[in-house]
Amino acid sequence: MSLRKILTQGDPALAKQCRPVEKFDQKLHWLLDDLKETLANAGGVGLAAPQVGILRRAVVVEDENERMIELVNPVIVSQEGEQDGWEGCLSVPNQYGWVRRPNVVTVRAQDRDGNFFEVTGEELVARCFCHELEHLDGHLFVEHTDELYSPEEIDAMEAEEEDEAKKRPRRKEKRK
Ligand code: NI
């Protein structure tokens, strides 16, 4: 296993349509192992093959128990509900956007040996399924939002909101 370099926004590989995986061979196993190692090293929750320059339909996603799921040729077969939340990407460092996603997502995929399976994710895992699968079609999460913020800007906004929330009951009391 080895760490691979994560490409960043602007690299042409991130805008390409990826081809299906056809051979479930040692080369695929190495790719999946490297994706997992690279993801763990970067401290992210999902990584797609094109982010390391491989234009094949393979991703890894961390589930709610911090186990990594390998998804080869994944497709979304059902989705339910809505969630709004901050989303980021290892290929768009230090930039986060407020993005609406389905709240529950079921994916059908193959494992590293070609066996089909289905997996359902909720909340962050569902968000991650959507995000990673979009990478396979050359799309980035930034297409879902007009505004991107740094972590410091988000902290400042949330602190301001908390202050506002604290002020509200006091204002009401004054009115009485
Ligand atoms: Ni990403």
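Our subject is the structure that appears above.
Residues numbered from 1 in each chain as written. Predicted model: local features only at pLDDT ≥ 70, side-chain atom pairs only at ≥ 80, totals over all residues. Heavy atoms only, no water.

Draft legend 1. Inspection of unusual backbone geometry at higher detail. Notably, Glu 66 is not glycine yet its phi reads approximately 65°, a positive angle. The topology assignment puts Glu 66 in the loop between strand E2 (58-62) and strand E3 (68-80). Unlike most non-glycine residues, Glu 123 shows phi in positive territory, near 50°. Take Glu 123: it is sitting in the loop between strand E7 (116-122) and helix H2 (124-135). (Helix = DSSP H or I, 4+ residues; strand = E, 2+ residues; numbered from the N terminus.)

Draft legend 2. Up close: the coordination of the nickel ion. Those donors, Cys 89 (SG), His 131 (NE2) and His 135 (NE2), are the protein atoms that reach the nickel ion, and they lie 2.1 to 2.3 Å from it. Expressed as a motif, the donor residue spacing for the nickel ion is C-x41-H-x3-H. You can see Cys 89 sitting in strand E4 (residues 83-89) and its partner His 131 sitting in helix H2, a full 42 residues away along the chain. For Cys 89, a relative accessible area of 10% translates into the label buried. Classification of His 131 as buried rests on a relative accessible area of 7%. (Donors = N, O, S within 2.8 Å, 3.2 Å for Na, K, Ca; no water. Buried < 20%, exposed > 50% of the residue type's maximum accessible area, 1.4 Å probe, protein only.)

Draft legend 3. Geometry of the nonpolar core. In terms of nonpolar packing, the biggest core is built from 21 residues, with Val 59, Val 61, Leu 71, Val 105, Val 107, Val 119 and Phe 129 touching the most fellow members. Mapped by element, the contributors of at least two residues to this core are E2, E3, strand E6 (104-110) and H2. Of the residues forming this core, the biggest block, six residues, is contributed by H2. Counting 13 residues, the second-largest nonpolar core is a separate cluster that includes Val 21, Leu 31, Leu 47 and Ala 58. (Core = buried A, V, L, I, M, F, W, Y, C linked by side-chain atoms within 4.5 Å.)

Draft legend 4. Quick peek at H2. If you check H2, its first and last C-alpha atoms are 17 Å apart, about what twelve residues at 1.5 Å a residue would give, namely 16 Å. Burial of H2 is extensive: eleven of the twelve residues sit out of reach of the surface. For H2, the set of buried residues is Val 125, Ala 126, Arg 127, Cys 128, Phe 129, Cys 130, His 131, Glu 132, Leu 133, Glu 134 and His 135. (Expected span 1.5 Å × (residues − 1).)

Draft legend 5. Representation of the pattern of salt bridges. All chains considered together, the criterion is met by twelve salt bridges. The shortest N-O distance in the salt bridge between Arg 100 and Asp 84 comes to 2.8 Å. Here Arg 100, found in strand E5 (residues 92-101), pairs with Asp 84, found in strand E4; they are 16 residues apart in sequence, far enough to count as distant. With a relative accessible area of 37%, Asp 84 lands in the partly exposed category. Notably, a salt bridge pairs Glu 134 with Arg 101, separated by 3.0 Å at the nearest N-O pair. Remark: Arg 101 occurs in strand E5 and Glu 134 occurs in helix H2; sequence separation between them is 33 residues. Beyond isolated ion pairs, a larger network of salt bridges with shared partners links Asp 33, Lys 36, Glu 70 and Arg 112. (Salt bridge = Lys/Arg side-chain N within 4 Å of Asp/Glu carboxyl O.)

Draft legend 6. Representation of the side chain of Glu 70 within the structure. Note that Glu 70 resides in strand E3. For Glu 70, a relative accessible area of 13% translates into the label buried. Of note is the side chain of Glu 70, whose polar atom sits 2.8 Å from the side chain of Arg 112. (Polar contact = N/O pair within 3.5 Å; in protein donor to acceptor, adjacent residues only side chain to side chain.)

Draft legend 7. Seen up close, the state of the cysteines. One pass over the full model with this rule turns up zero disulfides. Considering cysteine sulfurs only, Cys 89 is the nearest to Cys 18, which forms no disulfide, with 13 Å between them. Cys 18 gets classed as buried once you look at its relative accessible area, which sits at 4%. Not part of a disulfide, Cys 130 finds its nearest cysteine sulfur in Cys 128, a span of 9.3 Å. (Disulfide = S-S within 2.5 Å.)

Draft legend 8. Geometry of the packing of aromatic side chains. Counted under the stated rule, the structure contains two aromatic pairs. Measuring from ring centre to ring centre gives 5.2 Å for Trp 86 and Trp 98, while their planes differ by 75°; the resulting arrangement is edge-to-face. Within this pair, whereas Trp 86 is found in strand E4, its partner Trp 98 is found in strand E5, the two being separated by twelve residues in sequence. By relative accessible area, which is 45% here, Trp 98 ends up partly exposed. Ring geometry for Trp 86 and Tyr 149: centres 5.6 Å apart, planes at 85°, overall edge-to-face. On the criterion of sequence distance, the pair formed by Trp 86 in strand E4 and Tyr 149 in the loop between H2 and helix H3 (151-175) is long-range, its members being 63 residues apart. (Phe/Tyr/Trp six-rings, centres within 6.5 Å; stacked < 30°, edge-to-face > 60°.)

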